[in-house]
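Here's the letter readout for the chains.
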Amino acid sequence: MLYDSVHNLKLYIETVGCQMNLLDSELVVAALRKAGYELTADVADADTILFNTCSVRQHAEDKIYSALGRLKFSKRARPQQVIGVIGCMAQKDQDLIFKRAPHVDLVVGTGQLAQIPELINESRKNRRPQLAVSLDRRDATRQEISDSFQSYDPLRDPEMRPSPFQAFVRIMIGCDKFCTYCVVPMTRGPEQSRPPRDIVHEVRKLVAEGVKEVTLLGQTVNSYKHTQSGRLFRLSDLIAEFHDTPGLERIKFVTNYPRDMTNDLLQAVRDLPKVARYLHVPVQSGCNDVLQRMKRGYTVEHYREMLGRIAEFVPDCAVSSDFIVGFCGETEASFEKSVALVREARFKNSFIFKYSPRHGTKAHDLFLDDVPEETKRRRNNELLDLQNEISAEDNARFIGCRVEVLVEGPSKSALKSPLVAEEPATGATRAQLVGRSRCDRIVVFEGNPRLIGTLADVRIDDCTPTTLIGSIVTREFLPIIE
Ligand code: SAH
Ligand code: SF4
Ligand code: F3S
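Along each chain, residue indices are assigned from 1 in the same order as the chain's sequence is written. Labels are handed out in written order, letters beginning with A for the chains and numbers beginning with 1 for the ligands. Restriction of local features to residues with pLDDT of at least 70 applies here, the model being predicted, together with a cutoff of 80 or more for giving and counting side-chain atom pairs; totals for whole chains, interfaces and linings are based on all residues. Side-chain figures throughout are based on the complete set of non-hydrogen atoms in the structure, without hydrogens or water.

Regarding the overall build of the protein chain
We count it as follows: Starting at the N terminus, helices and strands are each numbered in turn, a helix being any DSSP run of H or I of at least four residues and a strand any DSSP run of E of at least two. We take the radius of gyration over the C-alpha atoms and set the globule estimate at 2.2 Å times the residue count to the 0.38 power. Under the scheme applied here, a residue whose accessible area is under 20% of the maximum for its type counts as buried, over 50% as exposed, and between as partly exposed, the area being computed with a 1.4 Å probe on protein chains only. We call two residues contacting when some pair of their heavy atoms lies within 4.5 Å. Exposure was quantified through the Shrake-Rupley algorithm and a 1.4 Å probe, taking into account, for residues, occlusion by the shown protein chains and nothing else.
Along the backbone of the protein chain there are 18 helices and 22 strands. The C-alpha radius of gyration computed for the protein chain amounts to 24 Å, which stays within 12% of the reference 23 Å derived for 482 residues, consistent with globular compactness. With the principal axes as the frame, the protein chain shows a C-alpha extent of 65 × 65 × 55 Å. Taken across its 482 residues, the protein chain has 54% of its residues classed as buried. Sequence-distant contacts in the protein chain: of pairs separated by 6 or more residues, those separated by 24 or more amount to 71%. By element, 52% of the accessible surface of the protein chain is carried by carbon and sulfur atoms, the whole surface being about 21800 Å².

Section: the site of ligand 3
This is how the line gets drawn: Residues are classed as near a molecule or strand on a simple rule: at least one heavy atom within 4 Å of it. All amino acids are sorted into three groups, where Ala, Val, Leu, Ile, Met, Phe, Trp, Tyr, Cys and Pro are nonpolar, Asp, Glu, Lys and Arg are charged, and the leftover types, Gly among them, are polar.
Taken together, Gly17, Cys18, Asn21, Thr53, Cys54, Ser55, Val56, Cys88, Arg188 and Gln219 make up all the residues around ligand 3. Residue classes in the shell around ligand 3 are distributed as four nonpolar, five polar and one charged.

Here we look at the sheet that holds strand β16 (residues 350–354)
Using the following cut-off: Strands pair, by our definition, only if DSSP identifies at least two bridges between them. Working convention: axes come from line fits to C-alpha atoms, limited for helices to the stretch in contact. Angles between N-to-C directions cover 0 to 180 degrees.
Taken in spatial order, the three strands of this open sheet run β14-β15-β16, and their pairing is parallel. The open sheet has two free edges, formed respectively by β14 (278–280) and β16, since each of these has just one partner strand. Along the sheet, successive strands turn relative to each other by an average axial angle of 10°, direction set aside. In this structure, strand β15 (residues 318–325) lies alongside β16, joined through five bridges in parallel fashion. Looking at β16, one finds that phenylalanine 323 is bridged to isoleucine 352. Against the sheet, helix α17 (residues 373–396) makes contact with β15 and β16, and its axis sits at roughly 175° relative to β16, the strand it touches most.

A short note on the domain arrangement of the protein chain
How we decide: What marks off one domain from the next here is an automatic or database domain assignment. Summed over both partners, the accessible surface that disappears when two parts come together, traced with a 1.4 Å probe, is what is meant by buried area. What makes a salt bridge here is a side-chain nitrogen of Lys or Arg within 4 Å of a carboxyl oxygen of Asp or Glu, nothing more. Any pair of N or O atoms that falls within 3.5 Å is considered a polar contact. Within protein, one atom must be able to donate a hydrogen and the other to accept it, and sequence-neighbouring residues count only if both atoms are side-chain atoms.
Annotation of the protein chain at the domain level lists domain 1 (6–146), domain 2 (161–276), domain 3 (282–396) and domain 4 (402–472). Just the C-alpha atoms count here: the centres of domain 3 and domain 4 sit 32 Å apart. If you look at the interface, domain 3 gives nine residues, while domain 4 gives nine residues. When the two sides are added together, the surface that domain 3 and domain 4 hide from each other amounts to roughly 670 Å², 55% of it contributed by carbon and sulfur. Linking domain 3 with domain 4 are one salt bridge. Here lysine 348 makes a salt bridge to aspartate 440, at a shortest N to O gap of 3.4 Å. Our count for the domain 3 to domain 4 interface comes out at four residue pairs in polar contact (both at pLDDT 80 or more).

Regarding unusual backbone geometry
A negative phi holds for most residues other than glycine; trans holds for most peptide bonds. The peptide bond linking valine 254 to threonine 255 adopts the cis configuration, its omega dihedral lying at 0°. Residue placement: threonine 255 occurs in the loop between β13 (250–254) and α12 (263–271). Within the chain, arginine 127 stands out as a residue other than glycine whose phi angle is a positive 50°. Relative to the assigned elements, arginine 127 resides in the loop between α7 (116–126) and β6 (130–132). Residues other than glycine seldom take positive phi values, yet phenylalanine 178 does so here, at roughly 50°. One can find phenylalanine 178 in the loop between β8 (172–173) and α9 (184–188). On the basis of relative accessibility, which here comes to 33%, the residue phenylalanine 178 falls in the partly exposed class.

Considering the environment of lysine 412
For lysine 412, the position within the fold is in helix α18 (residues 412–416). Looking at lysine 412, the relative accessible area reads 70%, which means it is exposed.

Overview of the pattern of salt bridges
Going through the model one piece at a time under the given rule, you end up with 40 salt bridges. With its nearest N and O atoms 3.0 Å apart, the salt bridge here joins arginine 78 to aspartate 47. Of this pair, arginine 78 sits in the loop between α4 (74–77) and β4 (82–87) while aspartate 47 sits in the loop between β2 (38–39) and β3 (48–53); the two residues are 31 residues apart in sequence, bridging distant segments of the chain. Residue class for arginine 78 comes out partly exposed when judged on its relative accessible area of 22%. Here aspartate 47 falls in the buried class, since its relative accessible area comes to 1%. One salt bridge in this structure joins arginine 346 and glutamate 393, with 2.7 Å as the shortest N-O distance. With a gap of 47 residues between them, arginine 346 in the loop between α15 (332–345) and β16 and glutamate 393 in helix α17 connect regions that are remote in the sequence. Classification of arginine 346 by relative accessible area gives partly exposed; the value is 34%.

As structure tokens, then:
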């Protein structure tokens, strides 16, 4: 008798990396649930163990290899167990994963995620390693490579979303910018935009299922371009296509590429009320020499001009950024230019990373990783301290103001020790809730859990560098008479 038919299969999945990976995991889990799996949080209890991986920095890969190391003898207790490595590291390391971890059964790249249910069955039947990856970017024509990276966007399963009223929607896959430090063009393949009609259909379906906020995903989301029935759709045109869907409250998109921040998009952010007043546009460095070695395709002057246009079109728009510190040849003077840019731009927040050399990238082949680890760490801390100072100052400006919050759920600290209390006057339940403002600031406040999934007005009373703390001012629920 087939193993599958006598056993209730259990899936354990661990995900690292960016939102693209979170979405991929959601879709893989949905497909496996349809095939009869249920999720388990206990790795020892699982028939199938999947790691959805990231290669953007060495640290992300080390974490996965050590997790795999811990599973070396796991199959002794469950001989039918299947261990799979999927996603970016699978595409990048391919066979090397079987060499480093011979107990791995499956290696499945970002372009083959649709095959996972079949590959798991195959592996269980044949007990032979299964490798499914796309073509290397140097090994074939652009069309052949593009075809080998399939966008994985099956029908959505509403039960599998992390939250019932928020959803990621992939609008493009891949990247063609080839920044010299970055593996993403290799792990995700050539840039390919999905057809507008598919995206609009997906958004409408999600909204019909109760989704209030969609976040459009792309590595360089504002480079989106697709010609459909002879008409060119840019990101601004795409958003306009579904903006008016009744029930949809908020639209976000990440991550933006500075050079593609065109005025039509800024006009859309200004004129379309559901679009968040928030743009994540990583600059990476404040020094032109470094930007040039990174092959980012713009100068600090271009970036500053773009910030000026954002402020001109959408004065209340929050901007956030990414920085890499300690890139090859970054001197103290070049680092100081990043410090100066953080001071000048007053980003809402910045994600700051220490440069991590990646095999297969231009920077790895051409430049020396010449900034010592200790210096990278110091620069990272220094930039982060300054950013936190600025974030705290800017958050303080909200004290006494009202913001409109899309309430996401109980706050993380409330999840650890649920702070649910009864309101003396009305007997209504109150909990510590969290959501985001239209400019993407995290807001924590006390309120009725029934507010989850709605827009609430919150008055800000206090703040930290990362969070606004407030209390409900309107749309307060009256006691419910049953
Ligand atoms: N597509 C997005 C981000 C991709 S990776 C964009 O282009 O903006 C997310 C962030 O990781 C990058 O913005 C960059 O700051 C950082 N990063 C990428 N490669 C890195 C490397 N080799 N070392 C350190 N940080 C890196
Ligand atoms: Fe990587 Fe640059 Fe593409 Fe972003 S734009 S994914 S940093 S190559
Ligand atoms: Fe990592 Fe792949 Fe995303 S390398 S950052 S998971 S695209």
